[in-house]
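# Architecture at a glance
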Number of protein chains: 4
Amino acid sequence: MAVRVAVIGATGVVGQQFLVALDKHPWFTVTRLAASARSAGKRYDEAIRDAGTGASRWLCDEPLPAPYATMLVEDAATFDPAGLDLVFTGVEEGDVARELEPRLAKQVPVVSTSSAFRMESDVPLLIPGVNADHVPLIDQQRQRRGWRGYVVPIPNCTTTGMAITLKPILDAFGLQTVLMVSMQALSGAGRNPGVLALDIVDNVIPYIPKEEEKVQRETAKILGTLADGAIDPLPLAIGATCTRVNVRDGHTEVVFASTRRPASADAAQAAMEGFAGDLEGLGLPSAPCRPIVLRDDPFRPQPRLDRNTDQGMATVVGRVETHHALGNGLKWVLVSHNTRMGAARGAVLTGELLVKRGYV
Amino acid sequence: MAVRVAVIGATGVVGQQFLVALDKHPWFTVTRLAASARSAGKRYDEAIRDAGTGASRWLCDEPLPAPYATMLVEDAATFDPAGLDLVFTGVEEGDVARELEPRLAKQVPVVSTSSAFRMESDVPLLIPGVNADHVPLIDQQRQRRGWRGYVVPIPNCTTTGMAITLKPILDAFGLQTVLMVSMQALSGAGRNPGVLALDIVDNVIPYIPKEEEKVQRETAKILGTLADGAIDPLPLAIGATCTRVNVRDGHTEVVFASTRRPASADAAQAAMEGFAGDLEGLGLPSAPCRPIVLRDDPFRPQPRLDRNTDQGMATVVGRVETHHALGNGLKWVLVSHNTRMGAARGAVLTGELLVKRGYV
Amino acid sequence: MAVRVAVIGATGVVGQQFLVALDKHPWFTVTRLAASARSAGKRYDEAIRDAGTGASRWLCDEPLPAPYATMLVEDAATFDPAGLDLVFTGVEEGDVARELEPRLAKQVPVVSTSSAFRMESDVPLLIPGVNADHVPLIDQQRQRRGWRGYVVPIPNCTTTGMAITLKPILDAFGLQTVLMVSMQALSGAGRNPGVLALDIVDNVIPYIPKEEEKVQRETAKILGTLADGAIDPLPLAIGATCTRVNVRDGHTEVVFASTRRPASADAAQAAMEGFAGDLEGLGLPSAPCRPIVLRDDPFRPQPRLDRNTDQGMATVVGRVETHHALGNGLKWVLVSHNTRMGAARGAVLTGELLVKRGYV
Amino acid sequence: MAVRVAVIGATGVVGQQFLVALDKHPWFTVTRLAASARSAGKRYDEAIRDAGTGASRWLCDEPLPAPYATMLVEDAATFDPAGLDLVFTGVEEGDVARELEPRLAKQVPVVSTSSAFRMESDVPLLIPGVNADHVPLIDQQRQRRGWRGYVVPIPNCTTTGMAITLKPILDAFGLQTVLMVSMQALSGAGRNPGVLALDIVDNVIPYIPKEEEKVQRETAKILGTLADGAIDPLPLAIGATCTRVNVRDGHTEVVFASTRRPASADAAQAAMEGFAGDLEGLGLPSAPCRPIVLRDDPFRPQPRLDRNTDQGMATVVGRVETHHALGNGLKWVLVSHNTRMGAARGAVLTGELLVKRGYV
């Protein structure tokens, strides 16, 4: 299989993570790169050079994969996707994505990390493993918009881990109420402007603008049901408080839930542990062995120790316990890698699912 | 007024904080110090010298107040409190406190930071400002145990800030359900062994042994009602998840509550802001101007910026909002200084209250 | 005494520190504020409000002193200093300072934290306590440039602590060679763009552009001799390596020196301890009790514990030892508060000296 | 090749790192484990379980390699090495090593991370790549002590990186003077007691007991010459100041050197870059591709980005520059992984060298 893909926004943080996630990919070949006009026409390694100091602004811990260094960067604003099979966009500004992605989607499939189209009624919000059954909503989108391609966004990185752990609980016991507190990693804030060390050393920041609304809305959509060409969101009483802590990578989330049917801690843990998701048997290259990895040690999961589990594609869970504050009360703690499963690698996995389902 | 006090456990972290809190106190004069046998018979400044390196193990940021340096440290195990008006104990091991405090309480009042007696039925668990009306339970204790003195513990440092913020909400709207996630400071773990930097750099630890049970039980007792010589705990559905983050001082707590009567965010905020507590007009030297300080900025409270508000004796609150996950749902974020209001200074304030109420 | 002063660059980090340093100052009254055109015409508290979030961008740990909140901010580019006695400039861009400061200096004295004029031959580079005898160079500057006022910059924050500790060693033993490694605080990098937490968590950055050259040049000038209307720099073999570490405030510097005459560790320590500097008896309000505070504990100085000594105006020194790697080899470690003695408060102290010497 | 090895001190931090370094090793097979009496007789996975919490005290980021989990731990105090080819000791207490290692060395070769025997005159202090020519000193040791085996220690982790970078400079230009400031990682302090987060957050600790003397003495021995059955230390004027910074792994060291013959920055860099060391062509499994990796970016090396270069076995160098503070002055910055090349993996590499040279 040789799927020709492009990465748009290739010089930014998310774009660079796309390049790492796509390096030596068995199905996808990156044949073109695009970014803003400032980078257009330059070799990739020149485009990421800091104008002031001359130092490379390659920001991933993994080294820049050699093949990209000499590729020419095109101008995203005038990028023509003809000849491509699939485009990944990691554009960080919502309004740029809102203009760019429909233009590309007229011709080719677009998998995006942007929030621009997540809540549109004809757009599936996919987490492979959780709601692959929402994929056919793409047909509505194409038909309604008259596009050859389509836009499929992935969720906010804070939504992802929680939705993955809620899915087996929903399936086994039903869900009434979810309350969540996140302790989010610095890399989730990116670098433009990002979080200053002065502001987070010896500190917690108790607010991330717009994050809580996204988590609440997106979760209900992801766990909803596709019927009659539309998604019926899960009726769920959900509240979230999102905070930033002094951790580089890996969001930690404390979840309190109330199920419809009683669930013991053991039964809840068994449901998560046995959760195969809807990827089983598909052989997607970026899929984790299992969507959820359980830890028995009550001191786990910890972001530093657990974020890289299964290449950062597994959600690691511990402290699955019952509590009496809510009826049928459960609680747990999860760690999800916000820049792997929660961003570029998660988008690549989504692309793989779309290939497998015949949408690429 | 010249109240003669002793500090037991004077060489430990909490004991040192007592010495700072009592330095130049207008009512209390520290006349004696005690610690374990290893320190007994030494001058205080020698007793805190590290045997290996010879360096001083004075651990507070404030310098060692000069008067203490030359005082002789007595052996806590054989300490005779005769002639004292009040004893503060900052003993860190629960079983030592369990043996030591009753022995002292036979003769003098004891205010303690230990958890040993918090849940005894004839022991009030005091937060000045919140439940001064529990003070008369001391009479039961004395009568039942035949002591001239008594033991009054202060709560766990994580309980304190939450209970203070719940009190005005309870009074104004009633309380049904409380769910709380704490992000606790390193100083709460002390130094024996404390938290290794290796374990918390770039990390969150999602578990603090026994902490959640303490918070749940203590909150219901503190917010309960004294009637017929016993405390009737508040019937409250309460759940807590306690975590450790990379912050030196100041516990951050995210609270979700469900009230009995509807409360708008403005009304809830007004209730907290107007909360005078039961210390108003008493003129206690360590009391904060107001128990709760509100911040309008959604990025507040932050532990580094807010923990020292009013000498670390105020609880700082922000993000007071309604939510729909619980019926009559409210939420807020608080920061409380765990080693000031939550420990030694809070115990000194309790001692002041007991003086004012004629119990010393 | 009522010296009328203005603060230019008042909305930036350094400008805010000037406002804190000048709050309730016994000599200086801030009568006017200026900043860039974006802030001009606004009340100060409005000018520092973040356009996006509406939150206050007051960045000091101390609260905004009330009197400044309602003052109108003027446009620095057209600011007329008539009627002022002294101007403090905390402009962060060198080229803005290079244009602005001469314009102001035509009329009034200017004390600046900028590097723009530090190395000009008719400009003294002052550290009160170290080289007050360079003050008369101002006369040359005025005469040569035909200004009523003048520009006096303070040194780079990394130069300051080292130069203060070198001065008594130079006076007592002479100096041949100095090698220094700094471990600099985050606040030294400011906020525009400042250091991202992503880049410094679990890390050291071994380079700060232009810093080492500044330290080397400035030190020789400060320790030089004023003769015949010019400063003869100290002939000193000096090398510096400047690094950034994960500390909020307080530069730590390790100094290796070779003296001209032999010095025991005790003699070197005594020279530093006995160093009164040239401020003794002047009664300057911002002067530290002594320029240098010595610590015997080999684990000191530490930036967190020692940076605030004497309001952050003292340089704290420890580990004064001899070594054999250089002839007459000495070494020590110092901590200097980079945003207090090393920036705005140091500039205020310089202003006080100029008042006392009759130059304001 | 099947070399039967044992790890003594297997439950400690260094012992665990040995197990990771030896996992799937092509030459060495771990056939036995030993630790203190407390662990003796238990399965390894039980021996590392925390008595209080029941949680596993496996402390490496890599998971516990499965084969070790079920091995029985023997008592180091009575351990009989008969049948083994080589023993690795990672005993953390010097006096235990001083008693234990000679007892083992009577029968088998012992490679140790302890400081106990480093400065003995008949003991080579080996850094493979730097002084493999010191290996024959083992013959003296065996003959003089009448042992079948021998003890070979590796240096202090702070010595290692500096000595590796000094070697090519010494060979090409000669060395007169070396001044070094280290910024050492937390893992170098171990866990017993280790560095408390309370002490290092927002801080630098300017002293590490005994470290500077070790670095100074060990460097001269390692760079010395083996002649007539003894090592003649390099005559070198050397001074070090060792500090602790808030970094998990990877020591950063700033080196100022004075060479005997002039060296340009380019020539010095070329000497380091071209340095093949004395391992070239030996095919040792744990050897880095090259001992030294150069970075051109002046912002490198950084411990977080560079410590894992070549499995943590390469020393990464940047900022190679000349300076005028010393005659023929050079300076550079290096990062060396203190628990890989600087500890267990470095010891394994030493064992490999001894096998290749016929000493095992």
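Residues numbered from 1 in each chain as written. Chains lettered and ligands numbered in written order. Predicted model: local features only at pLDDT ≥ 70, side-chain atom pairs only at ≥ 80, totals over all residues.

In terms of helices and strands, chain A carries 11 helices and 14 strands. Here chain A has a C-alpha radius of gyration of 20 Å; the compact-globule value for 360 residues is 21 Å, and the two agree. Dimensions along the principal axes, computed over C-alpha positions, put chain A at roughly 60 × 50 × 35 Å. The buried share of chain A, taken over its 360 residues, is 61%. (Helix = DSSP H or I, 4+ residues; strand = E, 2+ residues; numbered from the N terminus. Rg over C-alpha atoms; globule rule 2.2 N^0.38 Å. Buried ≥ 20, exposed ≤ 12 C-beta atoms within 10 Å, placed from the backbone.)

This next bit is on the sheet that holds strand E1 (residues 3-8) of chain D. Residue and element names in this part refer to chain D. Taking strand neighbours across the sheet as the criterion, the six strands line up as E3-E2-E1-E4-E5-E6 in an open arrangement whose pairing is parallel. Here the strands that pair on one side only, and so sit at the sheet edges, are strand E3 (73-75) and strand E6 (150-153). For this sheet, the mean inter-axis angle between neighbouring strands, taken without regard to orientation, is 30 degrees. Strand direction decides the pairing type here: strand E2 (residues 28-35) and E3, joined by three bridges, are parallel. By the bridge assignment for E3, Ala35 is matched with Asp75. Set on the sheet, helix H1 (residues 13-22) makes contact with E1, E2 and strand E4 (86-89); between it and E1 the angle comes to about 155 degrees. Here helix H11 (residues 344-356) sits on the sheet in contact with E1, E2, E4, strand E5 (109-112) and E6, set at roughly 150 degrees to E5. (Pairing = 2+ DSSP bridges. Axes fitted to C-alpha atoms, helices over the stretch in contact; angles between N-to-C directions. Contact = placed C-beta atoms within 7 Å.)

Comparison of the two chain copies shows a relationship of rotation about an axis with a shift along it. Expressed as a screw transformation, the operator carrying chain D onto chain B has a rotation angle of 180 degrees and an axial translation of 0.0 Å, and the superposed copies differ by an RMSD of 0.0 Å. With respect to symmetry, the two chain copies, as superposed, fit the operation of a two-fold axis. A high fraction, 100%, of the interface residues of chain D reappear at the interface in chain B, so the copies pair face to face through one surface. (Least-squares fit on C-alpha atoms with pLDDT ≥ 70 in both.)

The next point concerns the packing of helix H6 (residues 157-173) of chain D against helix H9 (residues 265-273) of chain D. Residue and element names in this part refer to chain D. The geometry of H6 relative to H9 is characterised by a closest axis approach of 9 Å and an angle of 120 degrees between their N-to-C directions. For the crossing formed where H6 meets H9, the hand is right-handed. Residues Thr165, Pro168, Ile169 and Ala172 of H6 lie in contact with H9, whose contacting residues are Ala268, Ala271 and Met272. Among the residues forming the contact of H6 with H9, the class breakdown is six nonpolar, one polar and no charged. (Left-handed = near helix turned anticlockwise from the far one by under 90°. Nonpolar A, V, L, I, M, F, W, Y, C, P; charged D, E, K, R; others polar.)

Okay, the environment of Gly52 of chain C next. Residue and element names in this part refer to chain C. Mapped onto the fold, Gly52 is located in the loop between helix H2 (44-47) and helix H3 (66-69). Exposure remark for Gly52: the 7 C-beta atoms within 10 Å place this residue in the exposed category. Taking C-alpha positions, Gly52 is 28 Å from Ala344, a pair spaced 292 residues apart along the chain.

So, on to helix H6 (residues 157-173) of chain C. Since there are 3.6 residues in each turn of an α-helix, residues three or four apart along the chain are aligned in direction. Residue and element names in this part refer to chain C. Taking 1.5 Å of rise per residue, 17 residues should cover 24 Å, and H6 covers 25 Å from first to last C-alpha, within 8% of that figure. Of all the bends in H6, the greatest, near 25 degrees, is centred on Leu166, and the proline Pro168 appears no more than four residues after it. For H6, a buried count of 15 out of 17 residues is recorded, marking the element as mostly surrounded by other parts of the structure. Directly after H6, the chain includes Gly174, whose backbone phi takes a positive value near 75 degrees. (Expected span 1.5 Å × (residues − 1). Bend = angle between axes of the 7 residues up to and from the residue.)

Moving on, we get to the interface of chain B and chain A. Contacts between the two partners involve 37 residues from chain B and, on the opposite side, 37 residues from chain A. Where the side of chain B that touches chain A is concerned, the elements lending two or more residues are strand E7 (175-184), strand E10 (237-244), strand E11 (251-259), helix H10 (303-306), strand E13 (315-323) and strand E14 (329-336) of chain B. Looking at the side of chain B that touches chain A element by element, the count peaks at five residues for E7 of chain B. Its residues placed into classes, the side of chain B that touches chain A shows 21 nonpolar, 11 polar and five charged.

All names here are of chain A. Each domain of chain A was delimited in the assignment, giving domain 1 (3-154 + 344-356) and domain 2 (157-336). One C-alpha centre belongs to domain 1, the other to domain 2; they are set 25 Å apart. At the level of elements, helix H5 (137-145) and helix H11 (344-356) are the ones that each hand at least two residues to the side of domain 1 that touches domain 2. A total of seven residues in the side of domain 1 that touches domain 2 trace back to one element, the largest contributor, which is H11. (Domains from an automatic or database assignment.)

All names here are of chain B. Within the open sheet, the six strands sit side by side as E3-E2-E1-E4-E5-E6. Their pairing is parallel. Taken across any chain shown, the strands that pair with only one partner, and hence form the sheet edges, are strand E3 (73-75) and strand E6 (150-153). Pairs of neighbouring strands in the sheet enclose a mean axial angle of 30 degrees, with direction left out of account. In this fold helix H1 (residues 13-22) packs onto strand E1 (3-8), strand E2 (28-35) and strand E4 (86-89), with an angle of close to 155 degrees to the strand it touches most, E1.

Our next topic: the packing of helix H1 (residues 13-22) of chain C against helix H11 (residues 344-356) of chain C. All names here are of chain C. Taken N-terminus to C-terminus, the directions of H1 and H11 make an angle of 55 degrees; their axes are 8 Å apart at the nearest point. With respect to H11, the axis of H1 lies oblique. Pair H1 / H11 crosses with right-handed handedness. Taking contact as the criterion, the partners of Val14, Gln17, Phe18, Ala21 and Leu22 in H1 are, on H11, Ala344, Arg345 and Val348. Residues belonging to the contact of H1 with H11 are distributed by class as follows: six nonpolar, one polar and one charged. (Parallel < 35°, antiparallel > 145°, perpendicular 65-115°, else oblique.)

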